[in-house]
Amino acid sequence: MKIKYKIALYYTLSASLMLIAFAVLAYYFSSKSRRAEYLERLEYRARSIANVIIEDGNVKVDLLRKLDRTTFQDLYKETILVYDPDYDLLYSNLKDTTIRTHRSLLDYIKQNKLYSNIKSSGEQVGVYYTEGDVSVIVIVSSFDKYGFQNLQNLRQILLIELITAVAILVGVGYFFARKMVQPIDKLVQQVDKINASNMQDAQVAVKGKDEIATLGANFNTMLQRLSDSFDLQKSFVSNASHELRTPLAAIISQLQVTLSKERTKEEYQALLISVLEDAENLSDLSNGLLQLAQSELNQEQFVFNSVRIDELLMDMANLIRLKQKTPGKVDIQFVKVPDIDLLVTCFGNESLLKVLFLNLIDNACKFSPDKSAHVSIDFFTQYITVQIRNQGPAIPSGEINKIFEPFYRGDNAHQTRGHGLGLSICKKIVQIHNGHITVTSTAEEGTTFTVILPHL
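This is a predicted model, so every value here is computed, not measured.

Draft legend 1. Local environment of the overall build of the chain. Looking only at helices and strands, one finds 10 helices and 14 strands in the chain. Across the 456 residues of the chain, 36% fall into the buried class. Pairs at least 24 residues apart make up 66% of the contacts formed inside the chain by residues separated by at least 6 positions. Entry remark: accessible area of the chain is about 28400 Å², with carbon and sulfur atoms responsible for 56%.

The structure is reproduced here in structure tokens:
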């Protein structure tokens, strides 16, 4: 069922239930009021009759009989019975009818002074009236013809009003539901026209400040993120394909040229060394792609433990020498000595943090003229700060904001082996650990990467 039909249905049902409840309560209280009013009227009539027939200490039934013959009955199908205290019938307005009143009823009236009852034939009231030394029991019963007729008319009016109101509610509910859902229908129509080819420029129209406008704004934001992700994916695939094709093409071409004729031992050795370099280049690229893919995962998918940043950095010198196969110097210094280990301990993934600092220190050694990197460790109230500095050529100011993009390499890096993946991997790892990474580069002081990580 469509939402607009659900809204119309729920609106109609809720409003109808409220109207039915009001109608039932109105009928119930009207019926209760009619009953109480009529019983009060019968009681008043019974006392009036008793007051009329008692005069000068005597019961004058003839006066009541005379009044009954000369006046009209005020009540419909009225029955009047008058008994003395010994339960002898003194007067009855019924003719040719056997009068039977249970003794228990007369006892009850005599004891409680007042009795009322509602029967299918009408209401009945009995009173025990005393004036001076004379007492009588008067029982009056009647059928409230006009009261029930008014109730019946009220029931019919309420029923007609309910049917009319429900019919109006259905129409009004559908109209308002359609108006309410109209922005959603427009949003659906606009979304239906969006596909992968026009996602770049597609946006849904946002008007107002209601929930639908918020949904449209969030949808536009999602479209922009998806578009950026698709562009990044296309760029990544294109760059990765290009980077993979280059060493493979070099290997194939060298092997083809060498196999075209017999070569000397020295030529074969030179070929193997060249192919080995291309294979190592290809291996580095594959490892970089795997690390980049791993860094794209969410924080929840990694196992985090307490990691001593200072101890992790101490192992970097040996790892740099193994990676570069050339002597590399890593100088590590504390800006201030920590009083407790927690000040230099980070809650993170040790493998990712090793990749982070290995890439940064490896870059510093590669770009430094003396193959050295200067590392300083500092700590503050909530963060650990690690700075990696080298004295290599400065990064142009226009490229500072681009060096963290995958496969981007600055003008000062073309003479150095690499693929432009290391810094993008570093940025992802720092983000996973809820930290920050920045870079400053000047010709006088060199290039400094600053990593800020929260400590325990």
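Draft legend 2. Representation of the sheet that holds strand 7 (residues 134-142). The strand order 4-3-7-6-5 describes an open sheet built from five strands, whose pairing is antiparallel. With one partner strand each, in any of the chains shown, strand 4 (89-92) and strand 5 (114-119) form the two edges of the open sheet. Each adjacent strand pair in this sheet contributes to an overall mean axis angle of 15°, direction not counted. Pairing of strand 5 with strand 6 (residues 122-131) involves six bridges; the strand directions are antiparallel. Following the sheet pairing, Asn 117 is matched in strand 6 by Gln 124.

Draft legend 3. Fine view of the sheet that holds strand 14 (residues 446-454). The five strands are arranged 9-11-12-14-13 in an open sheet whose pairing can be described as mixed. One side of each edge strand has no neighbouring strand; the edge strands of this open sheet are strand 9 (329-334) and strand 13 (436-442). Across this sheet, the average inter-strand angle for adjacent strands is 15°, counted without regard to direction. Bridging between strand 12 (residues 383-390) and strand 14 involves eight bridges; their strand directions are antiparallel. Each bridged residue has a counterpart across the sheet, and for Tyr 383 the counterpart in strand 14 is Pro 454. The strands touched by helix 9 (residues 350-367) are strand 9, strand 11 (372-379), strand 12, strand 13 and strand 14; relative to strand 12, the strand with the most contacts, the crossing angle is about 25°.

Draft legend 4. Just the environment of Asn 349, in detail. Locating Asn 349 in the fold gives a position in the loop between strand 10 (345-348) and helix 9. Expressed as a C-alpha distance, the spacing of Asn 349 and Val 303, which sit 46 residues apart in the sequence, is 6.1 Å. Those residues in contact with Asn 349, other than ones at most four positions away along the chain, are Phe 302, Val 303, Phe 304 and His 433. Only 3.2 Å separates the side chain of Asn 349 from the backbone nitrogen of Ser 351, close enough to count as a polar contact. Side-chain polar atoms of Asn 349 contact the backbone nitrogen of Leu 352, separated by 3.0 Å.

How each quantity is defined
- Residues numbered from 1 in each chain as written.
- Predicted model: local features only at pLDDT ≥ 70, side-chain atom pairs only at ≥ 80, totals over all residues.
- Heavy atoms only, no water.
- Helix = DSSP H or I, 4+ residues; strand = E, 2+ residues; numbered from the N terminus.
- Buried < 20%, exposed > 50% of the residue type's maximum accessible area, 1.4 Å probe, protein only.
- Contact = heavy atoms within 4.5 Å.
- Areas by Shrake-Rupley, 256 points an atom, 1.4 Å probe, with all protein chains shown as cover.
- Pairing = 2+ DSSP bridges.
- Axes fitted to C-alpha atoms, helices over the stretch in contact; angles between N-to-C directions.
- Polar contact = N/O pair within 3.5 Å; in protein donor to acceptor, adjacent residues only side chain to side chain.

As far as function goes, none of this settles anything; it's purely spatial.
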